[in-house]
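Next come the chains, spelled out residue by residue.
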Amino acid sequence: MPDNRLRLSQEVEAALARAGLSTSLRQFAASYVENRGKVIDGEMLSEAREQLRSAKARDRREIEEMAQQFETAAAARGAKVFRAGNAQEACQMIYEIFHEHGAKLGVKAKSMTSEEIFLNDYLQERGITIWESDLGEWIVQLAEERPSHMVMPAIHMTRQEVAKVFAQRLGTSEVLDIDQLVKVARTRLRQVFLTADIGITGANAAVAETGTLAIVTNEGNARLATTIPPVHIALVGYDKLIRRLSDLGNLLGVLPACATAQTATSYVTMITGPSPGPLPGGELYIILLDNGRLDLASDGEFSQLLRCIKCASCLNVCPIYQQVGGHVFGHVYSGGIGSLLTAFLHGLTSAAHIQSLCSGCGRCAEFCPAGIDIPALTLELRRRVVEEEGLPLLQGFTLARIVSDRRRFHGLLRAASRLQSPLVSGGKGSDKKNPEIGPDQGSSRLYIRHLPLFLSKYTKGRSLPAIAAKPFRDRFSGASGLPGRSGPSQGHHRNGSEASRSVAFYSGCLVDFVYPEIGLALAKVLGDMGIGMVHPEDQTCCGAPAQYLGDYESATRLLKQNITAFESVGDGSGPILTACPTCARFLSQGPARLLSDDHRWHRRGLLLAGRVMNACTYLADTVRAPGTPTCKGPYVAYHDACHLKTGDRLAGDPPPSHSRRLLQAYGYRVKEMNRPDQCCGFAGSYSLKFPALSRRLLEEKIDCISGAGVDLLAVDCPGCLLQIGGGLDKAGSTVRILHTLQLLAANRGL
Amino acid sequence: MGWHLFAGFALAAEAAGATVFSARGAGELIESVATALSDLRGGDILVPSSQHSVIEDVGLRQALEAQGFSVIAPRGLSTHAEKAPVGLTIVDGAVAETGSIFHDATDHESRLASTLPPIHVAVVPLSGLVRDYGTLFAGISEGGQPPSYLALITGPSRTADIERVLTIGVHGPSELIVIVSDLPSLTGVSKAAKASRADKGQSERALGDDTSA
């Protein structure tokens, strides 16, 4: 176990060090999003999701019915249909077909399913030659590597690398441009097509109603592989079954749109039974492969994976994939979806370490045409991995023993605040360009710029903020100058006790112990509007970090403590505001997921969930522009927090522009930077697990910020503030980063 | 017989890299083929055997031979077939929305003629033009069983597998020339062609005639 984790970490570092890999993947990612937007919009995407839901099986019973229907229909048209339970069976069946036909040479069109069962190795060990005919697959085969992307197998290689591989294996010149390389492929593989005994393909869809296989390519290789050799073997996973021929209309539209940003691929081949070719013979064998798919179909949580059409949208938009590529972030199937599929197709152990690479930013779910909730399933997979293998020792100890005991945890943080002093170095002082934003608002803060010895990697590229001398809970209870605030009563601290209405505040660990000024800013902004704020003292860590590590037991315990803490505020209703989108998301989504076994807790949890809101959402929804918008205010750029932007199912959840509008209403001029919604790389403990990867994402973020030409950066998440603030400090940047709430308070002179 | 879907089809097909002609009557069909192949100095043209009589009836074969081409059938896997610079097939129809052509390719000769040579000339009967995939598949389903080998072709063969650079002509043709012809004798007899008949009334109602090319 520790060996695997260490190896993964080393692979990550090696991938990051590989020049050009990340650059080319990122360039692709940028052009992908732009080009895809030209062929499919949000409306078409939700229509496509709807249709995919109705086209594909929902559970095991349906998938078995569809398989039966397909088999009957295809057999009626003369195809020979077999079922393979696992990889070994499928390989053996294919070998036997070769043997029966005395076949020695096979030509294969691209099939990820054949990669999944390691078919080439199996056949080659038994004296059969298989040539890949998809250009990318052929390159990868010649290079003796494996595909790093489901749609573009050789995306990790440069043209020079390809030319070198061709030179070594085929004796061609070492300096060939892309056109020439493609010509080499055409000429060499044409000979293979003309002499192959058997063509092997996968299928993008298998129509249950008619027994039809649909195969999509751009190169035309599947067309040749199913035309010239007299025998055709199609290896088809159960997940490829769709109900009706008419379902192909949607699939053939959405697949190229999402896979390659095309309205249509060059070739779609739809085969129903064998058709005679130029050579005598003519057989069609179809092997329906289970290999874990039926278990998947029986699993209430994961059966939605059957809707995956292998378009690789999720890889194309994944910030982690862009940094390390599919060889590190994946097994046979790569990226987030890959780690989920791997768990079922190759076993939980194979997936255990790959899934840990997901930072939980949630971007993949936005783009998935099958509507698969990859981030939520990744958390569920992590839970199962932890259930099976346990937490790493130190993390397990911290979570179970310390964090979930509020007094002990908070006591420890207070002690840390005193002990850190030798490491802390001083802040930047007040902002000369924007003097109205006082020294209390953030960047004057203290940072830990270097940690000693083995801990140094955590402050490489990023300073860590020092733990506040006095946590929010103490400052709020002892603060003066808050309108009408009173001392603590019944364990709650409040401001504005004279106000006509009041709201509760859930501070979360980072605001409470690192950034108390954010909570104070909210109290001031609310007070300015005549709204009181209450901070129940018994609240504790929301539980999200525990859930992200797969420790559901600790997460549940923390959630219950927070439910109790907020039930005693007022009459147990009314909004609970947070200044941290991750806390908000967990408090609003956690109860339904974690407490469903216990009827009473579940009900209490759902009440809490219904009350939680992001503070900026509340302000934007509740309040009209408090000041006169001015077009002369300071320029500010805005960074979108992953958990505010995506997968956030809070009622009244803001679109990304919500905080931007609020900032404008308070007199700021918002200037967009490049890729404002790209993850900053914090992702909670992720930045500690994969510091090098997190650092790379941060460096890119800092570049985007520097390019925006602003003095101020607003964020809505204290995690982003910690990460980006630390990066700016380390880079010696003059840009000041503040929470949106701090900026609102500052421009009202509060 | 309406041309109302043609403009949309031509736009989509050319965006996918095809060259599109419209041909009214036999004269324009022959002229379009001649124009499309004017850069070549003769050579073999692969035409499926089953279509030889049709191209002869409309006078296309004679015109091609006058231009120096010899029309041959891609029987078996002769070197002739492998080396021919052009393949010509009469397909069943086209999909306006995506710019795709479709054909019942159960006859392997039509597959070889449209895949092996570097240039593919596809003659599409105007009556086979449908609006979108939905109409196409509804038409096929209506006809009962789909053909054994149904193919959609959109633009030339392409790849972006090396550094995502678009490169044309990998395993299939590097040039796709589509000629939409209103000659009634070209209308296919295959099941795929039925889709067009099912679609006709519907698409005319939906689009009107103002989009005629």
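Only a predicted model underlies this, so the values are computations on that prediction, with no experimental measurement involved.

Draft legend 1. Region of interest: the overall build of chain A. Helix and strand counts for chain A stand at 35 helices and 23 strands. Within chain A, buried positions represent 56% of all 750 residues. Taking as baseline every contact in chain A between residues at least 6 positions apart, the subset at least 24 positions apart corresponds to 76%.

Draft legend 2. Geometry of the overall build of chain B. Of the regular secondary structure elements, chain B holds 8 helices and 12 strands. In chain B, which comprises 213 residues, the share counted as buried stands at 56%. For chain B, contacts bridging at least 24 residues in sequence account for 81% of all contacts bridging at least 6.

Draft legend 3. Fine view of the sheet that holds strand S23 (residues 736-739) of chain A. Ordered in space as S21-S20-S22-S23 (chain A), the 4 strands form an open sheet in which the pairing is parallel. Every interior strand has two partners, whereas the edge strands, strand S21 (669-670) and S23 of chain A, have only one.

Draft legend 4. The interface of chain B and chain A, seen in detail. With 40 residues of chain B at the interface, the matching set in chain A holds 50 residues. If you list the elements that add at least two residues to the side of chain B that touches chain A, you get helix H6 (108-115), helix H7 (133-142), strand S9 (149-153) and strand S10 (158-159) of chain B. When residues in the side of chain B that touches chain A are grouped by element, the largest group, 6 residues, is from H7(B). Looking at the side of chain B that touches chain A residue by residue, the class counts come to 18 nonpolar, 17 polar and 5 charged. Inspection of the sheet shows strand S9 (residues 267-271) of chain A paired to S9(B) by 5 bridges, in the antiparallel sense. Looking across to S9(B), one finds that A:Met270 is bridged to B:Leu150.

Draft legend 5. Inspection of H6(B) at higher detail. Counting buried positions along H6(B) yields 8 of 8 residues, so the element is predominantly enclosed. Looking only at H6(B), the buried set comprises B:His108, B:Glu109, B:Ser110, B:Arg111, B:Leu112, B:Ala113, B:Ser114 and B:Thr115.

Draft legend 6. Summary view of the nonpolar core. Within the largest apolar cluster, 298 residues are counted, with the highest numbers of intra-cluster contacts made by A:Ile286, A:Ile287, A:Leu522, A:Val636, A:Leu713, B:Val178 and B:Ile179. For this core, the element with the highest residue contribution is helix H12 (residues 247-260) of chain A, accounting for 8 residues. Ignoring sequence-local partners within four residues, the contact set of A:Leu522 consists of A:Phe505, A:Met533, A:Leu577, A:Ala579, A:Ala615 and A:Leu741.

Draft legend 7. Just the packing of helix H9 (residues 159-170) of chain A against helix H10 (residues 178-195) of chain A, in detail. Residue and element names in this part refer to chain A. Interaxial distance between H9 and H10 falls to 10 Å at its minimum, and their mutual angle equals 35°. Handedness of the H9/H10 crossing: left-handed. On H10, the residues touching Arg159, Val162, Ala163, Phe166 and Leu170 of H9 are Ile178, Leu181, Val184 and Arg188. In the contact of H9 with H10, the residues fall into 7 nonpolar, no polar and 2 charged.

Draft legend 8. Spatial organisation of the confidence of the model for chain A. All names here are of chain A. Averaged over all residues, the pLDDT of chain A is 85; the fraction at 70 or higher stands at 85%. Taken as a whole, residues 428-432 scores under 50 in pLDDT and shows 10 contacts with residues more than four places along the chain or in a different chain. Every residue in residues 438-444 is under pLDDT 50, and counting partners more than four places away or in other chains gives 23 contacts.

Draft legend 9. Quick look at the domain arrangement of chain A. All names here are of chain A. Taken domain by domain, chain A holds domain 1 (30-293), domain 2 (312-389) and domain 3 (406-747). Listed per partner, the contact involves 19 residues of domain 1 and 16 residues of domain 2. Looking at the side of domain 1 that touches domain 2, the elements with two or more residues in it are helix H2 (21-39), helix H3 (42-55), helix H6 (112-116) and H12. The element that contributes the greatest number of residues to the side of domain 1 that touches domain 2 is H3, accounting for 4 residues. Per-class residue counts for the side of domain 1 that touches domain 2 are 11 nonpolar, 5 polar and 3 charged.

Draft legend 10. Representation of the environment of A:Leu8 in the model. Among the secondary structure elements, A:Leu8 is positioned in helix H1 (residues 2-17). For the pair A:Leu8 and A:Tyr618, spaced 610 residues apart in sequence, the C-alpha to C-alpha distance is 42 Å.

Draft legend 11. Spatial organisation of the environment of A:Val236. Residue and element names in this part refer to chain A. Positionally, valine 236 belongs in strand S7 (residues 231-237). Spatially, the C-alpha atom of valine 236 lies 6.0 Å from that of isoleucine 287, the residues being 51 residues apart in sequence. Apart from the residues within four sequence positions on either side, valine 236 is in contact with Gly202, Ala203, Ala206, Leu213, Ile286, Ile287, Leu288 and Leu289.

Draft legend 12. Fine view of the packing of helix H17 (residues 348-355) of chain A against helix H19 (residues 374-389) of chain A. Residue and element names in this part refer to chain A. Axis separation between H17 and H19 bottoms out at 10 Å; the angle between their running directions is 120°. Between H17 and H19, the crossing angle belongs to the class labelled oblique. Crossing hand, H17 versus H19: left-handed. The residues of H19 that touch H17, namely those facing Leu348, Ala351, Ala352 and Gln355, are Thr378, Leu381, Arg382, Arg384, Val385, Glu388 and Glu389. Of the residues assigned to the contact of H17 with H19, the class counts are 5 nonpolar, 2 polar and 4 charged.

Draft legend 13. Fine view of unusual backbone geometry. Residues and elements named next belong to chain A. Its identity is not glycine, yet lysine 310 carries a phi of approximately 60°, on the positive side. Tracing the chain through its elements places lysine 310 in the loop between helix H13 (293-298) and helix H14 (313-316). For lysine 310, a count of 21 C-beta atoms within 10 Å gives the class buried. We note that alanine 312 has phi near 70°; this positive angle belongs to a residue other than glycine. For alanine 312, the position within the fold is in the loop between H13 and H14. A count of 27 C-beta atoms within 10 Å places alanine 312 in the buried class.

Draft legend 14. Structural view of the sheet that holds strand S3 (residues 69-72) of chain B. All names here are of chain B. In spatial order, the strands read S1-S12-S7-S4-S2-S3; together these 6 strands make up an open sheet with parallel pairing. The strands lining the two open edges of the sheet, one partner per strand, are strand S1 (19-23) and S3. The average undirected angle you get between the axes of adjacent strands in this sheet is 25°. On top of the sheet, helix H2 (residues 25-36) reaches S1, strand S7 (119-125) and strand S12 (175-181); it is set at about 155° to S1, its chief contact.

Draft legend 15. Looking closely at the pairing of S7(A). All names here are of chain A. For S7, a buried count of 7 out of 7 residues is recorded, marking the element as mostly surrounded by other parts of the structure. With burial as the criterion, each face of S7 is covered, one bearing Val231, Ile233, Leu235 and Gly237 and the other bearing His232, Ala234 and Val236. Sheet topology places strand S4 (residues 198-201) next to S7; 4 bridges connect them, and they run parallel. In the strand pairing of S7, threonine 201 is matched with alanine 234.

Draft legend 16. Fine view of the environment of A:Cys717. Residue and element names in this part refer to chain A. One can find cysteine 717 in the loop between strand S22 (712-715) and helix H34 (718-730). Taking the C-beta count within 10 Å as the criterion, cysteine 717 has 28 such neighbours and is therefore assigned buried. When the C-alpha positions of cysteine 717 and serine 114 are compared, they lie 44 Å apart, and in sequence the two are 603 residues distant. Residues within four places of cysteine 717 in sequence aside, it is in contact with Cys580, Pro581, Thr582, Ala641, His643 and Leu644.

Draft legend 17. Broad picture of helix H24 (residues 516-528) of chain A. All names here are of chain A. For H24, with 13 residues, the first-to-last C-alpha span of 19 Å sits near the 18 Å given by 1.5 Å per residue. Burial runs high along H24: 12 of the 13 residues are buried. Among all positions in H24, only Pro516, Glu517, Ile518, Gly519, Leu520, Ala521, Leu522, Ala523, Lys524, Val525, Leu526 and Gly527 are buried. One or two residues past the end of H24 sits glycine 530, with phi positive at roughly 80°.

Draft legend 18. Molecular detail of the confidence of the model for chain B. All names here are of chain B. Of the residues in chain B, 86% reach a pLDDT of 70 or more, and the chain-wide mean stands at 87. Confidence drops under pLDDT 50 across residues 189-213; counting only partners more than four residues distant or on other chains, this segment forms 63 contacts. Prediction confidence for the complex, expressed as pTM and ipTM, is 0.85 and 0.89 respectively.

About the criteria used
Residues numbered from 1 in each chain as written. Chains lettered and ligands numbered in written order. Predicted model: local features only at pLDDT ≥ 70, side-chain atom pairs only at ≥ 80, totals over all residues. Helix = DSSP H or I, 4+ residues; strand = E, 2+ residues; numbered from the N terminus. Buried ≥ 20, exposed ≤ 12 C-beta atoms within 10 Å, placed from the backbone. Contact = placed C-beta atoms within 7 Å. Pairing = 2+ DSSP bridges. Nonpolar A, V, L, I, M, F, W, Y, C, P; charged D, E, K, R; others polar. Core = buried A, V, L, I, M, F, W, Y, C linked by C-beta atoms within 7 Å. Axes fitted to C-alpha atoms, helices over the stretch in contact; angles between N-to-C directions. Left-handed = near helix turned anticlockwise from the far one by under 90°. pLDDT = per-residue confidence, 0-100. Domains from an automatic or database assignment. Parallel < 35°, antiparallel > 145°, perpendicular 65-115°, else oblique. Expected span 1.5 Å × (residues − 1).

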